[in-house]
Every structure is written in structure tokens, then in C-alpha cells.
Amino acid sequence: MRKKSVNIDIALTHILTRRKQTLVACLGVTLGVAVYLFMNSLSNGFSIYSRGEIFKNSAHIKIYKEDEISKPFTEPSNETELVAIVNPQITTLSKTLINPQGILDKIKSQFFLTHAIAQVNVDVFYNNGKSQLKGTANGVNILEADAMFNISSYMVAGSLKDLNGNLGGIVIGKGIAEKMNVRLDDNIVVSSSLGITKTLKVKGIFSTGSAVADQSKSYINISTAQQFAKEGPSYVTTIYANTINADKSPEYAKTLQQFTEYKVEPWQITNADVLSGDLVRNTMMGAISLSILVIAAFGIYNILNMTVMQKINDIAILKATGFSGGDVIKIFVTEALIMGLFGCVIGLAVGGVLIAIMSNIWMGPPVGYFPIYFTQSIFASSFILGMLATFGAGYIPARKASKVDPVEIFRK
Amino acid sequence: MEKRNVVLSTKGIGKYFYEPVKFKVLDNISFEAYKGEFLTLVGKSGSGKSTLLYCLSTMDTTYEGELYIENEKVTGKKTDDLAALRNKSIGFIFQFHYLLPEFTCLKNVMLPALKLGKFTYEEVEAQAYQKLEMLGLKDQALKPTSKLSGGQQQRVSIARSLINNPQIIMCDEPTGNLDSKNTQIVFDIFKQIAHEYGQTIIAVTHDNDFAKASDRTIELADGKITNLDKKNFD
Ligand SMILES: Nc1ncnc2c1ncn2[C@@H]1O[C@H](COP(=O)(O)OP(=O)(O)OP(=O)(O)O)[C@@H](O)[C@H]1O
Ligand SMILES: [Mg+2]
């Protein structure tokens, strides 16, 4: 250690002889880093949670037939023809995908696909006595759908297995159960817009946490759904697919689009509203926590600035006895970095404890434990930003110190 | 008389101050200082002694003319090179002792040598003890500087100026704050440094007795050298 470290030696002496100021500066950084870490972990936890919510109802990629809208006028092909102007209207006759199995086979061969399922969505009314509720019944192979949407994780009653292959069964949202006043193994009358009415037995109740979904959504077997739609076994309205990396869904969607003329839509587009809300929240939290970090760095700046003012004679002496401007910068930057290092480490510890406490708070279903997690990258970025801020805060007074003119000081 | 080695020389050094009005503090200063010489600078208050010393010290670079130290032209060098030169070749003693208050006496003496980096920490420590012993301060070595008397502090700063065995030691009124007993001690040390160790001392002083007893005295008046070897002190 000995030979080259005289600058560090001086820096340490300064720090140790001014314990109180050092402590204040450290605490400032501690607070800044802890808050930065905590807020960003919180923000990240919310994002993870909100994404989890999205994937309860959305797959990474959705393939469906887009509504076709008639053109407002027809182009004349020659001068003698007239232009026909009509009101634009939806001209889609059927929502069915033609040859769904072919599409499924083709997309399943892509390396990035983990699951793909066919689904029949039908608009239905749930009836019980006089009360009627509008909703959507999702006709699926329930085990495949479970693998995709992890439905079993938010079941509050019954079991998905009881629906598997049970054409007279239905799994409904908690909101439907409450409004229709039905419980497990009760019957519920379901009718489709095409006039098909069936009495189905409730085999399970789920709660996604989204009131809209819970009050409208149900799962039935795919062939039951086809009957509601008055269609045969080849009738499929939507194909859902999950991929190995949800973030890359838009790219994957582009690749899949080559295999079909139907609309291939990544989840980011389906849920653009939720995502933009997330973005606003993340940006705000990031900005707030960053400002707190900057304010903390100001503490170090202030204290070092004061030190430089008070030690101006000492700086002059050091320069007179052969320390260069660079040495003086090193001395004061070292002081800042030592204070910053301690502040950061303690700040990470404090932030970590806060995260640990929060993550053990049970929020009850459907949230479960408070959504905050230990994320290595956030710890790393808190540390790096903390150190960068202290470096900046130390460098400015250090530069000032290096510019001290000893002659001016000695003349006084 | 045999030819003596010149350690420091100036050629026509001049300097202006511009505040509050432009005036010439130093005017055509040319002289030589020799190895092992105990040289004093005298002159009325305001004659420019301190200003000249700061130019000689390489800390003040805004002058005209040329400065040579150990036969090397110093004028125009980069500030980092000048810092290194001061570290190695010039020792300073100020009227106000200017020790670093949070370090012990020993550490104060050691710092310039640690900066020089020529010896290990242990070697520097031993050398610092030796310098302090020479100045009769060995038992004070581990005290903080604030616990010492004025005379003792001045001796610590002398020890510090000697630690790198510089060719030149410069002082601005080194005895200005000392009583006659301590002045005598410092004087004897300077004599010893110059005559036994062959280092050159350039000391600004107001004390005529001190100047008279030195090897040679240069007198300044209104920024000009009026006498290169003053003998007559009345
Ligand atoms: N920074 C400055 N700006 C303008 N004038 C200055 C400055 N420093 C010194 N002077 C002037 O320069 C002249 C020489 O000052 P200097 O300090 O060298 O005198 P001195 O011989 O050391 O005096 P003393 O014996 O009182 O210490 C004085 O007239 C002083 O007022
Ligand atoms: Mg003076």
C-alpha cells in the first residue's frame, strides 16, 4: 500500500478527522441510493405484476380474422362506369379461420413458440331466473389453455380437470358467480346470440383480479362453443400462441404473419393502453428517484466544497511542497468516492431490507404477496448511479481545489 | 577565491501588478546564489522581497526575465513539472508555520518525501525522525502540531523543508514570530544546513542582526536591487 498512496493517505486523514461531516455525507448517499433502489424495485415489481395480469387474459400472440369494412366507393375501371358510393360497413360474414389446424401446424414448427391453442370465442348471456349477464364464453381444450394462461393459479373454487372433456360443464369468473348467485356444482343457463340455450354445471370459479374479466368471462369445452355458434368441429375464431420471450413478440408476430393472411397481433398492441400507463408510471418513478439521488449527491458536494474552503491553506502548503493540481484532485475525489462507497453500500443494504419487508407483506388474492422483488440489475444500477453521482459531486470541488494559487494564499 | 557553484540565478526578472493601478513591483532583478550560501534578502516593507521570493519559488510564474535553478531554465515550464521541481529541489519555510493540523509532526515532515516516492514509507519515517532529532524535536514527533509552541512548530516546518534534501531552502521571515532565543536556534540551524550540508538558504528578513550574521545580504528598494552584498547595517 505504502509507496504511491500518499494522496489516499491524506484523503483518509481528512475523512477520519471530520467524522461528523463524513457521516452526514454518507447518510445522504445512503438515503438517495436506498430510495432509488426501493422505488425502482417497486416500479419493476408493478410492471411484472401488471404483465402477469395481462397474460392471464392475453397470449403473447393472437391470430384472428380482422373485420373487413366495405370501401366507401368503387373505382370506375373505365370512363363509362359510374362511381358507386355506399356507407362503409362491416362485411365479415363469419369470424372463422379457415384451416386452423394447418395454421397451428405451421406456426408450431417455429423454434420460438412454446404453446399454441385454437379457441372458439362466442358472445353469450348468462341467465339465472330473471337476471341476465352478457359475456364471452371461451371454448378451449381446458388443459392446453391452462398451460398457456395458467388459469389454475387463480382458481378460487372447483378444478379445471372437472371441465376437461365435460361438455356440460363450465368454469366461470367470480363476478358472474356473485351476480348470478351460483356456487360450485350449481347449474347456470347460457344462451348464445344464435339462439342456442344450454344448461351448464359450474365446475370451477376463477378470480383474475380484473373485474371486467371476472364478470364476463367463462371457459367451456371447444365443441360446446362450436354448438353455441352453430358451427362444425373445424370452426375456430382465434389462435393464441406463447413465445419464449414476451418482449420479442412483435418480431415473432411479423415472422408468423408470413404463414397466414389473418391478423397476427402481438400482446403489446392488444394491451397498448395498459403498457402506456406502465410507461408513465415507470418514467415518473425513475425521475423522482433520480432527483432524490442527485439531491443526495449535493450533500457530498456541499461538504467537500466546505472542506476545500476551510482547507485552502493546507492545499496551498501541499502545492508549495510539490503536490500537483492532479494530486489535489485525486485527494478530494478519493474523499468523495470513499464517502460515496460507504453511502452506497449501506444504502443498498437499507433498500434491500425495505424490499425484504415489503415482499413479505401478504396482500391477499388475487395479488398475493406485495409485488416487489430483488433484481440484480436494479441493485447494480443503483450502485453505479450512486457512485457516478458522488464522483460528479466530488469532482467539481476537487477541481476548484486544484486551481488554488498558493501565492495568493501566502500573501494574506 | 575559487569558483563557486551557482545554484540559482535570475536574469532581469521584472514583474507588474495591475490592481489597483499598474505598477512595477520588481525591476530588472539579476543575481546569483551559490551552493552552501546562507543568503538574506532585506529591504523596506513593500520593497518587493516576498514577491521576488514567490517568483524564485516557481509558484509565481507571471514575471518577465529568466530564472535558472541548478543550471536549468525554469521559466516557461509546465505547472506539473514545476510542482515536481519544488518537491525535489526547493524547501519552504513560512513566517506562519503552515503545518497541516490533522497530521502529527512526524507525518507533516514525511508528506513531501512520500510525494517524492523515492523511498519506502519506513525509510521516509526514519529520515523524518532523524530530521526532527536534528532540530531537537524527537520527543514531539507523534504529537499533533496544534499541541506545540510557536518555536517548536517553526522547527517542524524547517524539518519538513529539509526532508527531501533540497538544493535550496527559501524562507519568508522565518523568525518573524519568534523570540530571541528561538531566533538564535533557527539561525544556528540555518548556518549548519548551509555550511555542513552545502544547501543554499535564501531568507527574507527584517531582522538586521540576523542578516548581518548571514553569509551575504542582498538589499532591495522599490523593486530594484540596491546592494548585492550589503555590509553596512545601521
Ligand atoms: N497581489 C497584489 N496585488 C497588487 N499589489 C500587490 C500585491 N501583492 C503585493 N503588492 C504590492 O507589491 C509591493 C511589494 O509587496 P511585497 O509583499 O513583495 O513586499 P515586501 O517587501 O515583502 O514587504 P514586507 O516586508 O512588508 O513583507 C507592495 O507595494 C504591495 O503593496
Ligand atoms: Mg513580505
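See the structure printed just above.
These notes cover the structure that comes with them. This is a predicted model, so every value here is computed, not measured. (Residues numbered from 1 in each chain as written. Chains lettered and ligands numbered in written order. Predicted model: local features only at pLDDT ≥ 70, side-chain atom pairs only at ≥ 80, totals over all residues. Heavy atoms only, no water.)

Let's shift gears to the overall build of chain A. Regarding its fold elements, chain A presents 14 helices and 12 strands. In terms of overall size, chain A is more extended than a compact globule, its C-alpha atoms giving a radius of gyration of 33 Å where 412 residues would be expected to give roughly 22 Å. C-alpha extents for chain A along the principal axes are approximately 100 × 70 × 40 Å. Burial status across chain A gives 49% buried among its 412 residues. Summarising the internal contacts of chain A: among those between residues at least 6 apart in sequence, 75% fall at separations of at least 24. Entry remark: accessible area of chain A is about 20400 Å², with carbon and sulfur atoms responsible for 61%. Of the charged side chains in chain A, 37 are positive and 29 negative, and the gap between their average positions amounts to 12 Å. (Helix = DSSP H or I, 4+ residues; strand = E, 2+ residues; numbered from the N terminus. Rg over C-alpha atoms; globule rule 2.2 N^0.38 Å. Buried < 20%, exposed > 50% of the residue type's maximum accessible area, 1.4 Å probe, protein only. Contact = heavy atoms within 4.5 Å. Areas by Shrake-Rupley, 256 points an atom, 1.4 Å probe, with all protein chains shown as cover. Lys, Arg positive; Asp, Glu negative; His and termini not counted. Charge placed at Lys NZ, Arg CZ, Asp CG, Glu CD.)

Moving on, we get to the layout of surface pockets. Residue and element names in this part refer to chain A. Volume-wise, the largest pocket comes out at about 950 Å³. Along its surface, the largest pocket is lined by 34 residues, and K62, N121, T136, N138 and Y240 are the ones closest to its centre. Within the residue set of the lining of the largest pocket, elements represented by two or more residues are helix 2 (19-57), strand 1 (61-64), strand 4 (113-128), strand 5 (131-140), helix 6 (211-214), strand 10 (217-221) and strand 11 (238-243). In terms of residue class, the lining of the largest pocket is built from 13 nonpolar, 15 polar and 6 charged. When residues of the lining of the largest pocket are assigned to domains, at least three map to each of domain 1 (2-55 + 274-411) and domain 2 (100-266). (1 Å grid on protein atoms, 1.4 Å probe; cavity = no way out; pocket = protein on both sides within 12 Å on 5 of 7 lines; lining within 4 Å. Points joined across faces, edges and corners; volume = space filled by probe spheres on them. Nonpolar A, V, L, I, M, F, W, Y, C, P; charged D, E, K, R; others polar. Domains from an automatic or database assignment.)

Turning next to the pattern of salt bridges. Residues and elements named next belong to chain B. All told, the structure shown has 14 salt bridges over all chains when counted by the stated rule. D27 is the partner of K224 in a salt bridge, and the nearest nitrogen-oxygen pair spans 3.7 Å. Here K224, found in strand 10 (residues 224-227), pairs with D27, found in strand 2 (residues 23-34); they are 197 residues apart in sequence, far enough to count as distant. Among the residues examined, D27 registers a relative accessible area of 23% and is labelled partly exposed. Salt bridges sharing partners connect three or more residues here, namely K24, D27, E64 and K224. (Salt bridge = Lys/Arg side-chain N within 4 Å of Asp/Glu carboxyl O.)

For the rest of this paragraph, the subject is helix 13 (residues 376-402) of chain A. For helix 13 of chain A, built from 27 residues, the straight-helix expectation of 39 Å at 1.5 Å per residue is met to within 8% by its first-to-last C-alpha distance of 38 Å. Buried residues belonging to helix 13 of chain A abut helix 2, helix 10 (272-310), helix 11 (312-320) and helix 12 (325-359) of chain A. (Expected span 1.5 Å × (residues − 1).)

Around ligand 1, the structure places 15 residues, and the nearest of them are S45, G46, K49, S50 and T51 of chain B. Nearby residues place ligand 1 at the junction of chains A and B. One of the side-chain nitrogen or oxygen atoms of S45 of chain B is found 2.5 Å away from an oxygen atom of ligand 1. Between ligand 1 and G48 of chain B, the relevant distance is 3.0 Å, taken from an oxygen atom to a main-chain nitrogen or oxygen of the residue. For the shell around ligand 1, the secondary-structure elements that each account for two or more residues are strand 2 and helix 1 (49-56) of chain B. Broken down by element, the residue count for the shell around ligand 1 peaks at 3 residues, all from helix 1 of chain B. (Near = heavy atom within 4 Å. Polar contact = N/O pair within 3.5 Å; in protein donor to acceptor, adjacent residues only side chain to side chain.)

This brings us to the packing of helix 2 of chain A against helix 10 of chain A. Residue and element names in this part refer to chain A. Across the interface, helix 2 lies against helix 10 with an axial gap of 8 Å and an inter-helix angle of 175°. Relative to helix 10, the element helix 2 is oriented roughly antiparallel. For the contact of helix 2 with helix 10, a count of residues per class yields 21 nonpolar, 10 polar and 2 charged. (Axes fitted to C-alpha atoms, helices over the stretch in contact; angles between N-to-C directions. Parallel < 35°, antiparallel > 145°, perpendicular 65-115°, else oblique.)

Okay, the interface of chain A and chain B next. Each partner contributes to the interface: chain A provides 27 residues, whereas chain B provides 26 residues. Around 2500 Å² of area is buried between chain A and chain B when both sides are counted, 63% of it from carbon and sulfur atoms. In this assembly, chain A and chain B are joined by 4 salt bridges. Of the charged contacts in the structure, one is a salt bridge between D9 of chain A and K107 of chain B, with a shortest N-O distance of 2.8 Å. Run the count over chain A and chain B and you get 7 residue pairs in polar contact (both at pLDDT 80 or more). Looking at the side of chain A that touches chain B residue by residue, the class counts come to 10 nonpolar, 8 polar and 9 charged. (Buried area = accessible area lost by both parts, 1.4 Å probe.)

Turning our eyes to something else, we now look at a nonpolar patch on the surface. All names here are of chain A. Together, L341, F342, V345, I346, V350 and L354 line one region of the surface with nonpolar side chains, adding up to about 500 Å² of accessible area. For L354, the location among the structural elements is in helix 12. Overall, L354 belongs to the partly exposed group, its relative accessible area being 36%. (Patch = residues over 30% accessible without salt bridge, like charges linked within 9 Å, V, L, I, M, F, W, Y side chains within 5 Å.)

Take the side chain of T334 of chain A next. Residue and element names in this part refer to chain A. Relative to the helices and strands, T334 is located in helix 12. Its relative accessible area of 17% is what places T334 among the buried residues. Separated by 2.4 Å, the side chain of T334 and the backbone oxygen of K330 make a polar contact. When neighbours within four sequence positions are excluded, T334 is seen to be in contact with I8 and A11.

Attention shifts here to the environment of P20 of chain B. Residue and element names in this part refer to chain B. Following the sequence through the fold, P20 ends up in the loop between strand 1 (6-17) and strand 2. For P20, a relative accessible area of 77% translates into the label exposed. Distance in space between the C-alpha atoms of P20 and F187 is 38 Å, their sequence separation being 167 residues.

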